[in-house]
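Close look at the chain arrangement
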Amino acid sequence: MKNDIKHILYHLNDWVKPEKPDKSFVNMLDDVHIYNDPFGVVLVIGAWNYPLQLLLVPVAAAIAAGNCVVLKPSEIAGNCAKFIAETIPKYLDNDCYPVVCGGPSETADLLNQRFDYIFYTGSTRVGKIVHAAANKNLTPTTLELGGKSPCYIDKSVELRTAVKRILWGKLINCGQTCIAPDYILCSKEMEQKFIAEAREVLKEWYGDNIQSSPDLSRVINQNNFQRLLGLMKSGRVAVGGKYDASERFIEPTILVDVKPDDPIMEEEIFGPILPIYTVENAYDAIKFINAREKPLVLYVFSNSSKLIKEFKNNTTSGGFCSNETIMHVGVDTLPFGGVGMSGMGSYHGKYGFDTFTHKKSCLGKNLAMLGEKMASARYPPYSDRKSSL
Ligand code: NAD
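Computed from a prediction, not measured in an experiment: that's the story for all the values here. (Residues numbered from 1 in each chain as written. Predicted model: local features only at pLDDT ≥ 70, side-chain atom pairs only at ≥ 80, totals over all residues. Heavy atoms only, no water.)

1. Describing the UniProt feature "active site" (unreviewed entry) in the protein chain
Here, the residues flagged by UniProt with the feature "active site" (unreviewed entry) are Glu144 and Cys178. These annotated residues cover 35 residues of sequence, but their C-alpha atoms sit close together, with the largest distance between any two at 9.2 Å. Topologically, glutamate 144 is positioned in strand E5 (residues 141-144). Discounting chain neighbours no more than four positions away, the residues touching glutamate 144 are Phe119, Tyr120, Thr121, Gly122, Phe336, Gly337, Gly338, Ser342, Gly345, Ser346 and Tyr347. With respect to the helices, strands and loops of the structure, cysteine 178 is situated in the loop between helix H6 (159-171) and strand E7 (181-186). (UniProt positions renumbered as here; feature names shortened; annotations may be inferred. Helix = DSSP H or I, 4+ residues; strand = E, 2+ residues; numbered from the N terminus. Contact = heavy atoms within 4.5 Å.)

Structure follows, in structure tokens:
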């Protein structure tokens, strides 16, 4: 988050400058430029899973672009919401940057107001509510949503590295990351190898008693804990499977023998559970991905650049990562966002500044006679000679 803000501060003087596009002969003498206009008053609604970052990074971009901002932190990360509500007024003008706390009903009240831009991070279900509310006033909206991000593993990979990167992406923040690899697609042979490696990696990271490891976080609340236990009923547990409701602890769990219409393969998991769905080959995997909603990110692990390209060219997703998980989110110069049901619009770095900026097209002429003479053909009365100019 600090790096995002530093990046904005470093580049802002350049970003705010009017852009000078190419001009045609007709506009040779004119001042043609794009003026970066703030939208006005922006509403930023955050999610709970990275409660500071997901609120303050878009807020920083909106402020950089010159907007006033209403901040709505998630009520589910209540301590962070309280911290934001107490801290922001100490540093920012409360009239321009008010914080509004609360849950669905307070957010619904906010959405009844008219804003100049709405930036929402959260579930696809609530994203539809936000979009419908924005529509009433034709308010432009960015929706940073969720969904199921697939991860294909090809047999050519160096498996230990792949397993580490995939499990890290899955288990960071206990799987409660919008871009966590949601499920694995691979061959039956790779499934067995993946499971054997995963057992070793989990032991290396968390020891014999995973529950006592300080390096694995917990599920946010009982609602999500119970929802995840429900999802664990799909397929068969190959690794893990233990849980403890008193701590909202769920052991990193790998499920096999899942069916495409099992709840775990239909709903975003958002927890430390990794189902493996076996396919015959890469083409089956692409078919499987394309038969579902467009994901927020697609992960492909392969040593073959041809195969990686095949996935990139033949699928649509918000982002695409080969031989890595999650890390694309930290590249300041890449836009971050979804497509289709995983979102619309993007931010981070210059893309955040542009999101909160109306690109005003400006044409400036002078009133000198030469220009007026050149332009006179447009005035009536019209004649054949004028129209041939
Ligand atoms: P959520 O949609 O439940 O809540 C997000 C925000 O919407 C909160 O501020 C909440 O108060 C508000 N809200 C909830 N119900 C509402 C309603 N009925 N009407 C109006 N506002 C309402 O999402 P969440 O549980 O906080 O976050 C998890 C989801 O967010 C996952 O799907 C995850 O993938 C997604 N997510 C996406 C990104 C991204 O950058 N694309 C990042 C993090 C999380």
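Let us keep going from here.
2. Things to note about the sheet that holds strand E11 (residues 253-256)
Read across the sheet, seven strands follow the order E8-E11-E12-E7-E6-E13-E14 without closing on themselves; strand pairing throughout is mixed. Two strands close off the open sheet at either side, each with one partner strand: strand E8 (236-239) and strand E14 (319-322). This sheet shows a mean twist of 25° between the axes of neighbouring strands, independent of strand direction. In this structure, E11 lies alongside strand E12 (residues 273-278), joined through three bridges in parallel fashion. The partner of threonine 253 across the bridge, within E12, is isoleucine 273. Set on the sheet, helix H7 (residues 188-206) makes contact with strand E6 (149-153), E7, E8, E11 and E12; between it and E12 the angle comes to about 160°. The strands touched by helix H11 (residues 305-314) within the sheet are E6, strand E13 (297-301) and E14, with E14 carrying the most contacts at an inclination of about 170°. (Pairing = 2+ DSSP bridges. Axes fitted to C-alpha atoms, helices over the stretch in contact; angles between N-to-C directions.)

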